Amino acid sequence: MKIGFIGLGNMGAPMAANLVKAGHEVTGFDAAGVTVTGVQAASSSSAAATGADVVITMLPNGAILRSVADEVIPVMSKGAALVDCSTVDVDSARAVAAQAEAAGLLAVDAPVSGGTGGATAGTLTFMAGGTDAAFAKAKPLFDIMGQKAVHCGDAGAGQAAKICNNMILGVTMIATCEAFALADKLGLDRQKMFDVVSTSSGYSWTMNAYCPAPGVGPQSPADNGYQPGFAAELMLKDLRLSQQAAQSADADTPMGQAAAALYAQFVEAEDGKGKDFSAMLPRFEKRGRG
Ligand code: NAD
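My aim in this report is to walk through the structure given alongside it, one point at a time. Numbering of residues starts from 1 in every chain and runs along the sequence as written. In keeping with the model being predicted, local features are shown solely for residues with a pLDDT of at least 70 and side-chain atom pairs are shown and tallied solely at 80 or more, while totals for entire chains, interfaces and linings include all residues. For side-chain calculations, the full set of non-hydrogen atoms in the structure is used, while hydrogens and water are omitted.

As for the pairing of strand S5 (residues 81-84)
Within a regular strand, the side chains alternate between the two sheet faces.
Next, step 1: Every second residue of S5 is oriented toward a common face, with Ala81 and Val83 on one face and Leu82 and Asp84 on the other, all of them buried.
Next, step 2: At least two DSSP bridges between two strands are needed for those strands to be called paired. In this text, helices come from DSSP runs of H or I with a minimum length of four residues, and strands from runs of E with a minimum of two, each type numbered from the N-terminal end. Pairing between strand S4 (residues 54-57) and S5: 4 bridges, direction parallel. Paired with Ile56 across the two strands is Val83, which belongs to S5.
Next, step 3: Consider the strands pointing away from the viewer: the crossover is right-handed when the path from the first strand over the helix to the second runs clockwise. Tracing the backbone out of S4, into helix H3 (residues 62-72) and back to the parallel element S5 gives a crossover that is right-handed.
Next, step 4: In this sheet, strand S6 (residues 106-109) lies alongside S5 in parallel orientation, the contact comprising 4 bridges. Each bridged residue has a counterpart across the sheet, and for Ala81 the counterpart in S6 is Leu106.
Next, step 5: Chirality of the crossover, the property in question, places the unit of S5, helix H4 (residues 90-102) and S6 among those that are right-handed. For each residue, the accessible area found with a 1.4 Å probe, counting protein chains only, is set against the maximum for its type, and the residue is called buried under 20%, exposed over 50%, and partly exposed in between.

If you want it as structure tokens, here you go:
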């Protein structure tokens, strides 16, 4: 396939490289002038998109996605697909899909989980929204860049699945960290706390697979000085998107709101920036009730 790839950052560059390795003809553009071995460099988004069967975008946010979509949709051939893999707000995903469909294109919103490690290894999970035909066109590319692609529903459903999952993740991480900090103050050994909770009704992915306490449970960023992993500021971005969506859909999400406020405090007013999102545990450890 002829693929245009726009946004060759930490995620986009290795994803584009995997498409090249699989034998596709990839033309790329990044506003910062990034180039990737094997990817033909274009001088603009529209140049990268011209003549492509599929255009993939991997961009920072919804406003940038909308501006790139304005540039590429007019130059794409009818029947080609616009596949956005960025994490953006549901409203932007739906607006871009409607604009693409009105121009005779297929559109998929397909945010990912798996981080830069998954992007490099080609083991991402794609959560996709769009028509059956759009998903079918993108699926072979998801199979190269990832290990799993779930068709979640119509336009915006991929973004909806991603932010709902990450809202649970953020809330659960905070609950796990505050419980460890309380257990410490009650004199409970962390290993015993893990042994009980990981096999009791308080178990979760954050406890069992990504334990925020160093030296306890399987290897996690806690064992590596809380280097990310999944950075606290990316968790904050996703929690904010969940609250933007909740506002727009009139959904009551008090725990998501509290988690967004706590991560905002941690990243913007404390020392959380650049740390893994599980570094909430040392944060709580240092604090009292006041
Ligand atoms: P990044 O900042 O490394 O890459 C974004 C790239 O887009 C940059 O290279 C930037 O120069 C480029 N860009 C910005 N505006 C542009 C424009 N108008 N035209 C062309 N290029 C432009 O970010 P990333 O870590 O690669 O993340 C990309 C997306 O994937 C984000 O939406 C992020 O939330 C999501 N995501 C990231 C991770 C992760 O672990 N990094 C995990 C899952 C999802």
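A word on the packing of helix H7 (residues 157-185) against helix H10 (residues 232-249)
Two quantities define a packed helix pair, namely the angle between the helix axes and the distance between the axes.
Next, step 1: Packing of H7 against H10 leaves a shortest axis separation of 9 Å and a crossing angle of 120°. By the angle between their directions, the pair H7 and H10 is classed as oblique. Of the two possible hands of crossing, H7 and H10 adopt the one that is left-handed. Contact residues: H7 offers Lys162, Ile163, Asn166, Met167, Leu169 and Gly170, while H10 offers Met235, Asp238, Leu239, Leu241, Ser242, Gln243 and Ala245.
Next, step 2: Under this grouping Gly is polar, as are all residues other than the nonpolar Ala, Val, Leu, Ile, Met, Phe, Trp, Tyr, Cys and Pro and the charged Asp, Glu, Lys and Arg. Across the contact of H7 with H10, the residue classes tally to 7 nonpolar, 4 polar and 2 charged. Every axis in this analysis is a line fitted to C-alpha atoms, fitted for helices over the stretch in contact. Angles between the N-to-C directions lie between 0 and 180 degrees. Angles below 35 degrees are treated as roughly parallel, those above 145 as roughly antiparallel, those between 65 and 115 as roughly perpendicular, and all remaining angles as oblique. Helix crossings get a hand from a simple test, with the near helix turned counterclockwise from the far one by less than a right angle marking a left-handed crossing and a clockwise turn marking a right-handed one. Contacts are assigned to residue pairs with any non-hydrogen atoms lying within 4.5 Å of each other.

Re the pattern of salt bridges
Next, step 1: The salt bridge definition used is simple: a Lys or Arg side-chain nitrogen within 4 Å of an Asp or Glu carboxyl oxygen. Taken as a whole and assessed by the stated rule, the structure comprises 8 salt bridges.
Next, step 2: In this structure, Glu285 and Arg190 form a salt bridge, with 2.9 Å as the shortest nitrogen-oxygen distance. Taken as a pair, Glu285 in helix H12 (residues 280-285) and Arg190 in helix H8 (residues 190-197) lie far apart in primary sequence, 95 residues in all.
Next, step 3: For Glu285, a relative accessible area of 38% gives the class partly exposed.
Next, step 4: Between Lys286 and Asp271 there is a salt bridge, with its nearest N and O atoms 4.0 Å apart. Residue Lys286 is located in the segment after H12, and its partner Asp271 is located in the loop between helix H11 (254-269) and H12; the two are separated by 15 residues in the primary sequence.

Looking at the packing of aromatic side chains
Next, step 1: We call Phe, Tyr and Trp rings a pair once their centres come within 6.5 Å, taking the six-membered ring for Trp, and we label the pair stacked below 30 degrees between planes, edge-to-face above 60, and tilted otherwise. Tallying each qualifying case throughout the model produces 5 aromatic pairs.
Next, step 2: Measuring from ring centre to ring centre gives 4.5 Å for Phe126 and Phe142, while their planes differ by 25°; the resulting arrangement is stacked. Residue Phe126 is found in strand S8 (residues 124-130), and its partner Phe142 is found in helix H6 (residues 132-145); the two are separated by 16 residues along the sequence.
Next, step 3: Note on Phe126: relative accessible area 0%, which makes it buried.
Next, step 4: Look at Phe135 and Phe142: their rings are 6.1 Å apart centre to centre, the planes differ by 45°, and that puts the pair in the tilted class. Note on accessibility: Phe135 and Phe142 belong to one class, buried.
Next, step 5: Look at NZ for Lys and CZ for Arg. If either is within 6 Å of the ring centre and within 35 degrees of the ring normal, a charge sits over the ring. When the ring centre of Phe284 is taken as reference, the NZ or CZ atom of Arg283 above it lies at 5.4 Å.

Focus on the pairing of S8
Next, step 1: Summarising burial for S8: 6 of the 7 residues are buried, a large majority.
Next, step 2: Taken together, the 2 bridges between S6 and S8 define a ladder with antiparallel strand orientation. Looking at the pairing, Asp109 lines up with Gly129 of S8.
Next, step 3: Here strand S7 (residues 112-113) pairs with S8 via 2 bridges, running antiparallel. Opposite Val112, over in S8, you have Phe126 as the bridge partner.
Next, step 4: Examined bridge by bridge, S8 and strand S9 (residues 146-153) share 6 bridges and lie parallel to one another. Each residue of the ladder has a partner; that of Gly129, found in S9, is Gly153.
Next, step 5: With respect to chirality, the unit in which S8 leads through H6 into the neighbouring parallel S9 is right-handed.

Topic: the site of the ligand
Next, step 1: If you check the shell around the ligand, you find 22 residues, and the closest are Asn10, Met11, Asp30, Leu59 and Lys237.
Next, step 2: At a separation of 3.1 Å, a nitrogen atom of the ligand approaches a polar backbone atom of Ala31.
Next, step 3: For accessible areas, the Shrake-Rupley method is used with a probe of radius 1.4 Å. Any residue's cover is judged against the shown protein chains and nothing else. Within the complex, the protein chains bury 81% of what would otherwise be the 840 Å² of accessible surface of the ligand.
Next, step 4: A per-class count over the shell around the ligand returns 12 nonpolar, 7 polar and 3 charged. We call a residue near a molecule or strand whenever a single non-hydrogen atom of that residue lies within 4 Å of it. Under the rule applied, a polar contact is a pair of N or O atoms within 3.5 Å (in protein, one hydrogen donor and one hydrogen acceptor; residues adjacent in sequence only if both atoms are side-chain atoms).

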